[in-house]
Protein chains: 2
Amino acid sequence: MASAGCAVVFENELRVIERPRPIPAEDEVLIRLRRGGICNTDHELMRGYKHFSGTLGHEFVGEVIEGPAEWLGRRVVGEINISCGICDMCHGGIPTQCRERRVLGILNYDGAFADVFRLSQRNLWPVPDSIPDDCAVFTEPLAAACQILEMAHLRPADRVVLIGAGKLGLLAAQVVRLTGVDFSVVVRHDTQAARLKNWGIQPVPRSAVSDGSADVVIDCTGTAGGFADALDMVRPRGSIMLKSTYHDLPQADLTRVVTQEIHLIGSRCGPFGAALRLLEQGLVDVASLIEAHYPLSEAVRAFEHAARPGALKVLLTPG
Amino acid sequence: MASAGCAVVFENELRVIERPRPIPAEDEVLIRLRRGGICNTDHELMRGYKHFSGTLGHEFVGEVIEGPAEWLGRRVVGEINISCGICDMCHGGIPTQCRERRVLGILNYDGAFADVFRLSQRNLWPVPDSIPDDCAVFTEPLAAACQILEMAHLRPADRVVLIGAGKLGLLAAQVVRLTGVDFSVVVRHDTQAARLKNWGIQPVPRSAVSDGSADVVIDCTGTAGGFADALDMVRPRGSIMLKSTYHDLPQADLTRVVTQEIHLIGSRCGPFGAALRLLEQGLVDVASLIEAHYPLSEAVRAFEHAARPGALKVLLTPG
């Protein structure tokens, strides 16, 4: 039997356990973790989302230690949706919405917060040498931010407002900045404002955004109050991009969606290729979003840290 | 003073009053009512929507009895949004979403349920002789049904499901049928089913629509339960068209909008020209949707009739 390793498991409570090295299926490789990133979704899963039980983790960069020659020894990131390849969504070119998908560390597939874990070869993307591990681990959430541009056409002349400048919102803000739109981000805290200014993005208080003034509002709040704010800010016939999952079942003023003929557009997982290009070309700053590093063995403390209000990215390291 | 006439007024309660003939502003004409149509929005206004108080009525066909020569004596229908002509929406070619709009019988503008009423000339459309009054009065709601096709592209190969086959839903169904899509309408009652079959549209029970199967769902229910049904029926990356205003503030599963990357698209007032063409060419059947006629003087009874569950269109006639 191969040597054991540790894994970050949630079963009613979060624990770090020892487990035998996983045995890859025919289409899978084994990956040794180099960095893992803790996401709000991980916290949602521990609060009961999808009745999750198992190994957590879907943001990672690692090294292939078992698999076919073309992947062996390569540094990789991985898409999180393990798709069936045969349903209408897969055939329609939308494998991220596969009807039968499993999802790394989220749905029926062991996650990446482990010394060694499995993943389908088809999900792998090689990481260019110029992208350090601490940046490559942001590929998955950065791809999700890029998905905003996959799902809607932001025109350079548009007036765009982003609300919810947390971990994902700050990545989304950097991606949106690159489109040249007339852009502002609603902030509540000075630290957010300073960070945004550093990137050349205009931080504004909520009161600075006139009602009905935005062509597009990007809602990264995941709250009913945030969605209500988005409805106030968007112009008639404008668009609201929904980027975060919501707690419970929010009340939503759908009547205004009708009478103002608003488009609501959900977006989820995004294009890894685009995210890697943006990282390689240094067009987004992810390094400054790192809040702390913890070894896998201290994952429980790492999750506690990541759960603090306003906390940015907490990374897990081997060992 | 010109002769008095009656008007259907809501001020805490619905009454038919005598009032002096209105005096048109410079850009307005006077119109003598030939038919008025009672809409669900009229009932919503009486339940407190927009804190309405005044003369009701926005669906009408009438004859111009005072105004410039080019309109005098003509039979007309009229758009309901009285727009400012100078705001960004008006300049952007979207006067129905005018920032400063008044709305006939809905917002700061006396309605059409009166022997004689005023309307801006710019809102008028002449009615072709081949369209009888009982059909022409449907121009406004039929235009609203056409707005579905203004706001979204229904592709002929799409699988489309409509829910909420009431007054507006039955008009929307007929417009959607003309696109050639694979179309079914969810019904609860045999009378709806028979009517739809008559038009060559497939009525189905809710249970016949598989979850995640529809490319487009058209929600004419205006209820939280209807919206939840729409979310169940639509496929990932599909669209939900919202056509009816909702009671109160519905709970809405926005998380599914995000994770399934769904488009929600609101639509409101529509193109009168298209509606008149469909009526003139006999491509939609509105005559069979008429439930009853009442003279203006019996408007209170007419409104009671229109409020019965399942009631279709109740028309008001002069006198």
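Residues numbered from 1 in each chain as written. Chains lettered and ligands numbered in written order. Predicted model: local features only at pLDDT ≥ 70, side-chain atom pairs only at ≥ 80, totals over all residues. Heavy atoms only, no water.

1. Comments concerning the overall build of chain A
Secondary structure summary: chain A contains 10 helices and 18 strands in total. Here the C-alpha radius of gyration of chain A, 20 Å, is about what a compact globule of 319 residues would show, namely 20 Å. Projected onto the principal axes, the alpha-carbon positions of chain A cover approximately 65 × 45 × 40 Å. Put simply, chain A has 32 plus and 38 minus side-chain charges, and the middle of one group is 2 Å from the middle of the other. (Helix = DSSP H or I, 4+ residues; strand = E, 2+ residues; numbered from the N terminus. Rg over C-alpha atoms; globule rule 2.2 N^0.38 Å. Lys, Arg positive; Asp, Glu negative; His and termini not counted. Charge placed at Lys NZ, Arg CZ, Asp CG, Glu CD.)

2. Considerations on the sheet that holds strand 4 (residues 54-55) of chain A
All names here are of chain A. Judged by pairing direction, the sheet is antiparallel, and its 3 strands sit side by side in the order 2-1-4 without closing on themselves. The sheet is open, and its two borders are formed by strand 2 (13-19) and strand 4, each paired with just one other strand. Across 2 bridges, the pairing between strand 1 (residues 5-11) and strand 4 is antiparallel. Bridge pairing in strand 4 links valine 9 to threonine 55. (Pairing = 2+ DSSP bridges.)

3. Side note on the packing of helix 4 (residues 139-151) of chain B against helix 9 (residues 272-280) of chain B
All names here are of chain B. Across the interface, helix 4 lies against helix 9 with an axial gap of 8 Å and an inter-helix angle of 110°. Taken together, the axis directions place helix 4 and helix 9 in an arrangement best described as roughly perpendicular. In this structure, helix 4 contributes Thr139, Glu140, Leu142, Ala143 and Cys146 to the contact, and helix 9 contributes Phe272, Ala274, Ala275, Leu276, Leu278 and Leu279. Looking at the contact of helix 4 with helix 9 residue by residue, the class counts come to 9 nonpolar, 1 polar and 1 charged. (Axes fitted to C-alpha atoms, helices over the stretch in contact; angles between N-to-C directions. Parallel < 35°, antiparallel > 145°, perpendicular 65-115°, else oblique. Contact = heavy atoms within 4.5 Å. Nonpolar A, V, L, I, M, F, W, Y, C, P; charged D, E, K, R; others polar.)

4. Digging into the pairing of strand 1 of chain A
Residue and element names in this part refer to chain A. In terms of burial, strand 1 is a largely internal element, 6 of the 7 residues being buried. Sheet topology note: the strand 1/strand 2 ladder contains 7 bridges and is antiparallel. Residue pairing in the sheet places glycine 5 in a bridge with arginine 19 of strand 2. Linking strand 1 to strand 2, which pair antiparallel, is a turn of 1 residue; within it asparagine 12 sits at a positive phi near 70°. (Buried < 20%, exposed > 50% of the residue type's maximum accessible area, 1.4 Å probe, protein only.)

5. Things to note about the pattern of salt bridges
All names here are of chain A. Taken as a whole and assessed by the stated rule, the structure comprises 32 salt bridges over all chains. A salt bridge links arginine 235 to aspartate 215, with the shortest nitrogen-to-oxygen separation between them at 2.5 Å. With arginine 235 in strand 15 (residues 234-242) and aspartate 215 in strand 14 (residues 214-219), this pair connects stretches of sequence that are 20 residues apart. Each member of the pair, arginine 235 as well as aspartate 215, carries the same accessibility label: buried. (Salt bridge = Lys/Arg side-chain N within 4 Å of Asp/Glu carboxyl O.)

6. Brief notes about the side chain of Ser239(B)
All names here are of chain B. Along the chain, serine 239 falls in strand 15 (residues 234-242). Relative accessible area serves as the criterion here: at 17%, serine 239 is assigned to the buried category. If we ignore the near neighbours within four places in the chain, the residues touching serine 239 are Asp215, Val216, Val217, Val234, His263 and Ile265.

7. A word on helix 4 of chain B
All names here are of chain B. In a regular helix each residue adds 1.5 Å, so 13 residues correspond to 18 Å; helix 4 covers 18 Å between its end C-alpha atoms and thus fits that length. Largest kink in helix 4: about 25°, centred on alanine 145. Of all 13 residues making up helix 4, 11 are buried, and the element is well covered by its neighbours. Among all positions of helix 4, only Thr139, Glu140, Pro141, Leu142, Ala143, Ala144, Ala145, Cys146, Gln147, Ile148 and Met151 are buried. (Expected span 1.5 Å × (residues − 1). Bend = angle between axes of the 7 residues up to and from the residue.)

8. Some words on the domain arrangement of chain A
Residues and elements named next belong to chain A. Entries for chain A in the domain assignment read domain 1 (4-137 + 285-317) and domain 2 (145-266). Put simply, the middle of domain 1 and the middle of domain 2, counted by C-alpha atoms, are 28 Å apart. Contacts between domain 1 and domain 2 engage 14 residues on the former and 9 residues on the latter. Carbon and sulfur atoms supply 53% of the area that domain 1 and domain 2 bury against each other, a total of about 860 Å² over both sides. Summed over the shared surface of domain 1 and domain 2, the number is 0 salt bridges. Inspection of the domain 1/domain 2 interface yields 4 residue pairs in polar contact (both at pLDDT 80 or more). Here the side of domain 1 that touches domain 2 is composed, by residue class, of 8 nonpolar, 2 polar and 4 charged. (Domains from an automatic or database assignment. Buried area = accessible area lost by both parts, 1.4 Å probe. Polar contact = N/O pair within 3.5 Å; in protein donor to acceptor, adjacent residues only side chain to side chain.)

9. Examining the sheet that holds strand 1 (residues 5-11) of chain B
All names here are of chain B. Across the sheet, 3 strands lie side by side as 2-1-4; this open sheet has antiparallel pairing. Looking at which strands have only one partner, the edges of the open sheet turn out to be strand 2 (13-19) and strand 4 (54-55). Docked against the sheet, helix 10 (residues 299-306) engages strand 1 and strand 2, running at close to 150° with respect to strand 2.

10. Here we look at helix 9 of chain B
Residues and elements named next belong to chain B. Within helix 9, 7 of the 9 residues are buried, which leaves it mostly tucked inside the rest of the structure. Turning to helix 9, the residues buried within the fold contact strand 6 (75-78), strand 10 (124-126), helix 3 (133-136), helix 4 and helix 5 (167-177). One or two residues past the end of helix 9 sits glycine 282, with phi positive at roughly 65°.

11. Regarding unusual backbone geometry
All names here are of chain A. In this model, asparagine 12 sits at a positive phi of 70°, which is unusual for a non-glycine residue. Note that asparagine 12 resides in the loop between strand 1 and strand 2. Asparagine 12 sits in the exposed class, given a relative accessible area of 77%. Even without being glycine, glutamate 261 reaches a positive phi, approximately 55°. Topologically, glutamate 261 is positioned in the loop between helix 8 (254-259) and strand 16 (263-266).

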